[in-house]
Amino acid sequence: MSASSPADPDPMPQPPLQPDLSECCGNGCDPCIFDSYDLAMDAYRRALREWQARHPAATPGA
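Residues numbered from 1 in each chain as written. Predicted model: local features only at pLDDT ≥ 70, side-chain atom pairs only at ≥ 80, totals over all residues. Heavy atoms only, no water.

Engineer: I'd like to hear about the overall build of the protein chain, residue by residue, with values.
Structural biologist: Across its full length, the protein chain holds one helix and zero strands. Within the protein chain, buried positions represent 15% of all 62 residues. Look at the contacts in the protein chain between residues 6 or more apart in sequence, and 52% of them connect residues 24 or more apart. Taken as a whole, the protein chain presents about 5,200 Å² of accessible surface, with 57% of it coming from carbon and sulfur. (Helix = DSSP H or I, 4+ residues; strand = E, 2+ residues; numbered from the N terminus. Buried < 20%, exposed > 50% of the residue type's maximum accessible area, 1.4 Å probe, protein only. Contact = heavy atoms within 4.5 Å. Areas by Shrake-Rupley, 256 points an atom, 1.4 Å probe, with all protein chains shown as cover.)

Rendered as structure tokens:
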């Protein structure tokens with residue numbers, strides 16, 4: 001029997017992967033992959049603030 005711990009029910013959010021500059025086709029797509037990345041980063045920052053409010057001990061400087 002292994003002594004594994006259960007999965008964290010409230011893991012810290014992880015940032016989205018930033019697209020490489022070469023991934024943009026330069027055709028002015030709407031939305032551009034960088035627009036999508038910016039929206040994903042906004043969602044990540046919101047989720048991280050909410051997570052930090054639930055886990056104050058894990059927040060540096062708190």
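Engineer: Summarise the pattern of salt bridges; cite the residues concerned and give the values.
Structural biologist: Inspection of the entire model under this criterion finds two salt bridges. With a closest N to O distance of 2.9 Å, Asp10 and Arg54 form a salt bridge. Note that Asp10 is positioned in the segment before α1 (33-54) and Arg54 in helix α1, a separation of 44 residues in sequence. Residue class for Arg54 comes out partly exposed when judged on its relative accessible area of 46%. Two residues, Arg45 and Asp42, come together in a salt bridge whose shortest N-O distance is 3.4 Å. Of this pair, Arg45 and Asp42 both sit in helix α1, three residues apart, which is roughly one turn of the helix. What makes Asp42 partly exposed here is its relative accessible area of 36%. (Salt bridge = Lys/Arg side-chain N within 4 Å of Asp/Glu carboxyl O.)

Engineer: Please set out the nonpolar core residue by residue, giving values where relevant.
Structural biologist: Counting residues in hydrophobic clusters, the biggest one holds five residues: Tyr37, Met41, Tyr44, Leu48 and Trp51. For Trp51, the residues in contact, after removing those within four places along its chain, are Asp10, Pro11, Met12, Pro13 and Ala58. (Core = buried A, V, L, I, M, F, W, Y, C linked by side-chain atoms within 4.5 Å.)

Engineer: Can you tell me about the state of the cysteines, naming the residues and giving the values?
Structural biologist: Enumeration according to the criterion identifies zero disulfides in this entry. Considering cysteine sulfurs only, Cys25 is the nearest to Cys29, which forms no disulfide, with 3.4 Å between them. Accessibility expressed as a relative area gives 39% for Cys29, which makes it partly exposed. Free of any disulfide, Cys32 has its nearest cysteine sulfur in Cys24, 3.9 Å distant. (Disulfide = S-S within 2.5 Å.)

Engineer: Residues and numbers for α1, please.
Structural biologist: In this model α1 runs 31 Å from its N-terminal to its C-terminal C-alpha over 22 residues, within 8% of the 32 Å that 1.5 Å per residue would give. Among all positions in α1, only Tyr37, Met41, Tyr44, Leu48 and Trp51 are buried. One side of α1 holds all its buried residues, which, seen down the axis, span an arc of 90°. Those residues of α1 that are exposed and aimed more than 90 degrees away from the buried face are Leu39, Arg49 and Ala53. (Expected span 1.5 Å × (residues − 1). Arc of directions from axis to C-beta.)

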